[in-house]
Amino acid sequence: MAFQKALKGTILVGGGALASVLGLSQFAHYRRKQVSLAYVEAAECLSEPVNREPPSREAQLLTLQNTAEFDILVIGGGATGCGCALDAVTRGLKTALVERDDFSSGTSSRSTKLIHGGVRYLQKAIMKLDIEQYRMVKEALHERANLLEIAPHLSAPLPIMLPVYKWWQLPYYWVGIKLYDLVAGSNCLKSSYVLSKSRALEHFPMLQKDKLVGAIVYYDGQHNDARMNLAIALTAARYGAATANYMEVVSLLKKTDPHTGQERVSGARCKDVLTGQEFDVRAKCVINATGPFTDTVRKMDDKNAAAICQPSAGVHIVMPGYYSPESMGLLDPATSDGRVIFFLPWQKMTIAGTTDTPTDITHHPIPSEEDINFILNEVRNYLSCDVEVRRGDVLAAWSGIRPLVTDPKSADTQSISRNHVVDISESGLITIAGGKWTTYRSMAEDTINAAIKTHNLKAGPSRTVGLYLQGGKDWSPTLYIRLVQDYGLESEVAQHLAATYGDKAFEVAKMASVTGKRWPIVGVRLVSEFPYIEAEVKYGIKEYACTAVDMISRRTRLAFLNVQAAEEALPRIVELMGRELNWDDYKKEEELETARKFLYYEMGYKSRSEQLTDRSEISLLPSDIDRYKKRFHKFDADQKGFITIVDVQRVLESINVQMDENTLHEILNEVDLNKNGQVELNEFLQLMSAIQKGRVSGSRLAILMKTAEENLDRRVPIPVDRSCGGL
C-alpha cells in the first residue's frame, strides 16, 4: 500500500518535466540555469575553496602526520570515500582521507560508465511492490540530475535504445519506461519515445532487423567514472581535506572512553606504500568506505564481525567505435541467462557489459575468457548478420568487483539490491557499504550524518547538492574553441581536454609542447590515434598520479580503451614521469614492468596472447593453405621456411616503400610465437587461421603481406598503421 501511494504521488507530480520537451543542446543550457532551491542554498552557504589548487601529495602527508586530531578520517578513495571526505570538509569538519592504492583504482573506475536510476530495479519494485527498491530508484534519479549539474564536462545525457522483437513487448516495455520518466519527475532528462522499425534502424543501422517490431528510447546519464572520482577527491582537497593515495591502513587505533570504559576507535596506523614510512593519524571518527574490502577493515575493529558484503564480478569489454552509433546506446533487457547487457558508445569506442557472478575478493580482478565470450555472444544476437562480431576486435577488457550488501546465506547475487547500509560498530567505527556509483553523494551525506550523531561532532547540514566539482564551474560546451584559438591545439585534442579537465583545460594547454609542425602548433600526442597529449602526464602528477599505471588507466583512460595503444605509449609516459619525479633507471624499468603486468592481467592483454600461440590450430581449407603459402614465399624467396626483417625490407624496397627497422621488428614480433627472431611458415598459417576465425584482427604483418602481394607490380605504398589493435 505504501508503494502504491508513493507511486501515485510521483505520477501526479512528475508528468510535466520541462527537460522532456527540450533538445540536447537546449538541455545543456537548461541544466545550468534551472537550479533548484537546494542548489541555491548550497551555493550561498558555502565559501570558496581554501586552496586554488590541490596541495601536493607531500604537503598532504605532512598535514596527516602533524595534525593532532581530525574530526573525520575516511578509509577508502573510491567514489563513496571521496564523497564522504567532500561532504565532511564542506560542513566545516577537519577531514582526512587515505587510500591504499590510487583514487578510483578499484570498482569506481571499472563501471558501465552510466549515471542511472536503474530501470531493472524499478521493474523489480513494481513487480514485487517493493517500496525500498522504489525509493532507491527515486533517490538515484535525483542524484543523476545533481551529478549532471555539478560535473557537466565529465557527464552528459545519453539516449538508450531498447529494441523490441515481439508485439506484446512493445506496450509492456513502454509502460515500464514511462514509469521511469514519471518517477524521475522534474529530474527527467528527456521524455522517452517509441520508434518504428525503420526509424530504429535509421538510428542504429547495425541492429538485427529480422523480426524487429520497433524500439523504445529512454535517457540516462553517462560519465567518465575514474575522472569523476578524481574530481571529487581534488575538490575535497581544495576545500581543505588532507587526502593521500598510496597510504595503507595497517591497523586501527583505539582508546578507552573515560565515561563508559569502552574501547573506541580513535584513528589508524598508516603506511606510505611508496616509501614504507609509518605514522598514526588520529581522529574522533573513522569511516570505513573500502567497497569490496569493507569486511577486512571491519575485522580490524572486531575479528568476530560478521560479513555484510557479498562481492560480485562485472566484466566489460571495449570494441571499436563502428560497432555502435556515436550517440545512441543499446539495452538488452533479457540475455540468454536473464541478465542485462548494455552496449554503449563511450570515448569514441563501444563498451559492452556487464556480467554478474559471485567472486572472491582480490586487489587485481582478471576478466575471464568465458565472460568475454558471453558478452560477445549476446552482442551477436542483437547486431545484424552483416556485422561480423570478432573476438579479435576486443580492444580491452576488465573486471570490477561490486560490493553488494546481502544476507551472507544468499547465493544469488543477481537479485540483490544495491541499497546502501550505514553500520556503526560498538567501538564507533562507521561503515558505509553497498549502494551504487550514481548515489555516492547521498550515501556520503547519510554517512556523515551518522558520524555527527554518533560522535557528537559540531557541523551543519550537507552542502554538496549543487556544489560544482573541479573543472565544472566555468565549463561551457564551446570552451574547446578557445583552446584551439588561443593555443593552436587540434580540435579533437581541444575537445578531449575540455571534456576531461573542464575549466582546468587551460592549465594543461599551457604545459603543451610545441610540435614543430605548421598545425597543430602545440600538443604532442602520446599515441597517434588517441587525443591524449604529453602535457597530460605532467599535469597528472599534479593530480596525485604516482605510477605509470595511474597515468594509463585513471588520469588518461588509454588502458580502458585500447591496451595495445597503452603499451605503445608506456615508454614515453615513464620517461616523462621519471623526469618530473626524478626516477632512476631501475625505477623506470620497474614502472614499465608493473604497468605491462597490469595491462596483461587486468586489462585483457592476456586474452590477446592466448588467441594466437605456438599451440594454435591451423584450420584452413587446402585452397587457402596454398594461397597463403604463395604469399609467404614472395617474401621467403630463398625457400628457407621462415622470413626475417631482411626479407621484408627487400620486398618493401622493391616497391619503393621505406620503413624503419624498429617498426619492422615490432611487426614481426607480433607473429613470432616462439620468439626466435623469425616468422616461420607454420606461424604465418596459424596467424591466418586465427584471423579467419575472428580471434585476431588488425595484424600489421598480415595486412602488409597481403597488400605487398597485390601491389608488387603497381608499386603502391603499403599502409602499416595499427588497425584497431584488437585483442
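Numbering of residues starts from 1 in each chain and follows the order in which that chain's sequence is written. Only residues with pLDDT of at least 70 are given local features in this predicted model, and only at 80 or more are side-chain atom pairs given and counted; all residues enter the totals for whole chains, interfaces and linings. Side-chain measures were taken over the full set of non-hydrogen atoms in the model, leaving aside hydrogen atoms and water.

Visitor: Please explain the overall build of the protein chain as it appears in this structure.
Guide: Each helix is a run of H or I in the DSSP string that is no shorter than four residues. Each strand is a run of E no shorter than two, and both are numbered from the N terminus. For the protein chain, the helix and strand inventory stands at 27 helices and 20 strands. In the protein chain, which comprises 727 residues, the proportion classed as buried is 58%. Across the protein chain, every contact between residues at least 6 apart in sequence was considered, and the portion connecting residues at least 24 apart equals 74%. Throughout, the Shrake-Rupley method with a 1.4 Å probe supplies accessible areas, and for residues the shown protein chains are the sole cover considered. When the accessible area of the protein chain is evaluated, it comes to approximately 30,300 Å², of which 51% is carbon and sulfur surface. Note on classification: 1.4 Å probe, protein chains only; a residue is buried when its accessible area is under 20% of the maximum for its type, exposed when over 50%, partly exposed between these limits. In what follows, a contact means two residues having at least one pair of non-hydrogen atoms within 4.5 Å.

Visitor: Please explain the packing of helix α7 (residues 131–150) against helix α13 (residues 440–455) as it appears in this structure.
Guide: Helix packing for two helices is described by the angle between their axes and how far apart those axes are. At a minimum axis distance of 8 Å, the contact between α7 and α13 shows a crossing angle of 105 degrees. Between α7 and α13, the crossing angle belongs to the class labelled roughly perpendicular. Contacts between α7 and α13 involve E139, E143, N146, L147 and I150 from the former and Y440, R441 and S442 from the latter. Only the stretch in contact is used when fitting a helix axis, every axis being a line fitted to C-alpha atoms; angles between N-to-C directions are given from 0 to 180 degrees. Between 65 and 115 degrees an angle is taken as roughly perpendicular, under 35 as roughly parallel, over 145 as roughly antiparallel, and anywhere else as oblique.

Visitor: Sorry, what's going on with the pattern of salt bridges here?
Guide: Between side chains of opposite charge, a pair can form as their charged atoms come close. Within this document, salt bridges are pairs made up of a side-chain nitrogen of Lys or Arg and a carboxyl oxygen of Asp or Glu, the two lying within 4 Å of each other. For the coordinates displayed, the defined rule picks out 40 salt bridges. In this structure, R57 and D272 form a salt bridge, with 3.1 Å as the shortest nitrogen-oxygen distance. With a gap of 215 residues between them, R57 in helix α4 (residues 57–66) and D272 in strand β9 (residues 263–272) connect regions that are remote in the sequence.

Visitor: Would you mind going over the UniProt feature "domain: EF-hand" (unreviewed entry) in the protein chain with me for this structure?
Guide: Within the UniProt annotation, "domain: EF-hand" (unreviewed entry) is assigned to residues 623–658 and 659–694. The distance from the first to the last C-alpha atom of residues 623–658 is 32 Å, and the span holds 64% helix and 6% strand. Overall, residues 659–694 shows 58% helix and 6% strand. The separation of its end C-alpha atoms is 28 Å. UniProt positions are given in the numbering used here, feature names are shortened, and annotations may be inferred rather than shown by experiment.

Visitor: Got a minute to help me understand helix α14 (residues 479–487) in this structure?
Guide: For an α-helix the count is 3.6 residues per turn, leaving residues at separations of three or four pointing the same way. Considered for burial, the residues of α14 that qualify are L479, L483 and V484. What you see down the axis of α14 is that its buried residues fit within an arc of 150 degrees, all on one side. Exposed residues pointing more than 90 degrees away from the buried face of α14 are listed as Q485 and D486. For α14, the elements touching its buried residues are α15 (491–501) and α16 (505–511). Within two residues after α14, G488 carries a phi angle of roughly 75 degrees, on the positive side. The arc refers to the directions leading from the helix axis to the C-beta atoms.

Visitor: How should the side chain of D636 be read in this particular structure?
Guide: For D636, the position within the fold is in the loop between α23 (622–635) and β19 (642–643). The residues contacting D636, other than those within four sequence positions of it, are G641, F642, I643 and R650.

Visitor: How should I be thinking about a negative patch on the surface in this particular structure?
Guide: The grouping of D584, D585, E589 and E593 at the surface amounts to a negative patch. Its location among the elements puts E593 in helix α21 (residues 585–602). Patches were defined on residues exceeding 30% relative accessible area and lacking a salt bridge, with like-charge contacts within 9 Å and nonpolar side-chain contacts (Val, Leu, Ile, Met, Phe, Trp, Tyr) within 5 Å. Positive residues here are Lys and Arg, negative ones are Asp and Glu, while His and the chain termini are left out of the count. Working definition for charges: the position is that of NZ of Lys, CZ of Arg, CG of Asp or CD of Glu.

Visitor: Honestly, helix α8 (residues 169–184) in this entry has me stumped. Any pointers?
Guide: The first and last C-alpha atoms of α8 sit 23 Å apart over 16 residues, in line with the 22 Å expected at 1.5 Å per residue. For α8, the full list of buried residues reads Q169, L170, Y173, I177, L179, Y180, D181, V183 and A184. Two residues or fewer after α8 comes G185, characterised by a positive phi angle close to 60 degrees. To estimate how far a helix should reach, multiply one less than its number of residues by 1.5 Å.

Visitor: Looking at this model, I keep getting lost on the packing of aromatic side chains. Mind explaining?
Guide: Aromatic rings considered in pairs are described by the distance between their centres and by the relative angle of their planes. Note on ring pairs: Phe, Tyr and Trp rings are taken, using the six-membered ring of Trp, and paired if centres are within 6.5 Å. Classes follow the plane angle, with under 30 degrees stacked, over 60 edge-to-face and the rest tilted. Counted by the stated rule, this structure contains 13 aromatic pairs. Sitting above the plane of the F560 ring, R557 keeps its charged end 4.5 Å from the centroid. Geometrically, a charge over a ring is one whose NZ (Lys) or CZ (Arg) sits within 6 Å of the ring centre while staying within 35 degrees of the ring normal. Above the face of the W583 ring, K587 is positioned so that its terminal group lies 5.7 Å from the ring centre.

Visitor: For this particular structure, what's the right way to read unusual backbone geometry?
Guide: With glycine set apart, most residues show a phi of negative sign, and most peptide bonds adopt trans. Following G353, the chain continues to T354 via a peptide bond in cis, the omega torsion being 20 degrees. If you trace the backbone, T354 turns up in the loop between β14 (349–353) and β15 (357–358). For the bond running from W519 to P520, omega is -5 degrees, close enough to zero to count as cis. Looking at the secondary structure, you find P520 in the loop between α16 and α17 (535–542).

Visitor: Sorry, what's going on with a nonpolar patch on the surface here?
Guide: There is a patch of nonpolar side chains on the surface, built from M127, W168 and Y172 and spanning about 370 Å² of accessible area. Mapped onto the elements of the fold, Y172 is located in helix α8. What makes Y172 partly exposed here is its relative accessible area of 35%.

Visitor: Is there a simple way to think about the side chain of D672 in this case?
Guide: In this fold, D672 is placed in the loop between α25 (661–669) and β20 (679–680). Judged by its relative accessible area of 5%, D672 is buried. A distance of 2.8 Å separates a polar atom in the side chain of D672 from the backbone nitrogen of G677. Excluding its chain neighbours within four sequence positions, the residues that come into contact with D672 are G677, Q678, V679 and E683. Pairs of N or O atoms within 3.5 Å make up the polar contacts considered here, provided that, within protein, one atom can donate a hydrogen while the other can accept it, and that residues adjacent in sequence are counted only when both atoms are side-chain atoms.

Visitor: Explain the pairing of strand β4 (residues 155–164) to me, please; I cannot follow it from the model alone.
Guide: Every regular strand shows the same layout, with side chains that alternate between the two sheet faces. Of all the 10 residues making up β4, nine are buried; the element is thus mostly covered by neighbouring parts of the structure. Any two strands between which DSSP finds at least two bridges are classified as paired. The sheet contact formed by β4 and strand β6 (residues 214–223) spans 10 bridges and is antiparallel. Across the sheet, residue L158 finds its bridge partner in β6, namely D220.

Visitor: Explain the environment of L330 to me, please; I cannot follow it from the model alone.
Guide: With respect to the element layout, L330 can be found in strand β12 (residues 329–332). For L330, a relative accessible area of 3% gives the class buried. As a C-alpha pair, L330 and I341 span 11 residues in sequence and 8.4 Å in three-dimensional space.

Visitor: Explanation requested: the pairing of strand β11 (residues 309–319) in the structure shown.
Guide: Within β11, 11 of the 11 residues are buried, which leaves it mostly tucked inside the rest of the structure. Because side chains alternate across β11, one face comprises the buried residues C309, P311, A313, V315, I317 and M319, and the other comprises Q310, S312, G314, H316 and V318, equally buried. Note that β11 and strand β16 (residues 396–405) share 10 bridges and pair antiparallel. Within β16, the position partnered with V315 by the bridge is S399. Pairing analysis gives four bridges linking β11 to β14, with the strands arranged antiparallel. What sits directly across from V318, in β14, is I351.

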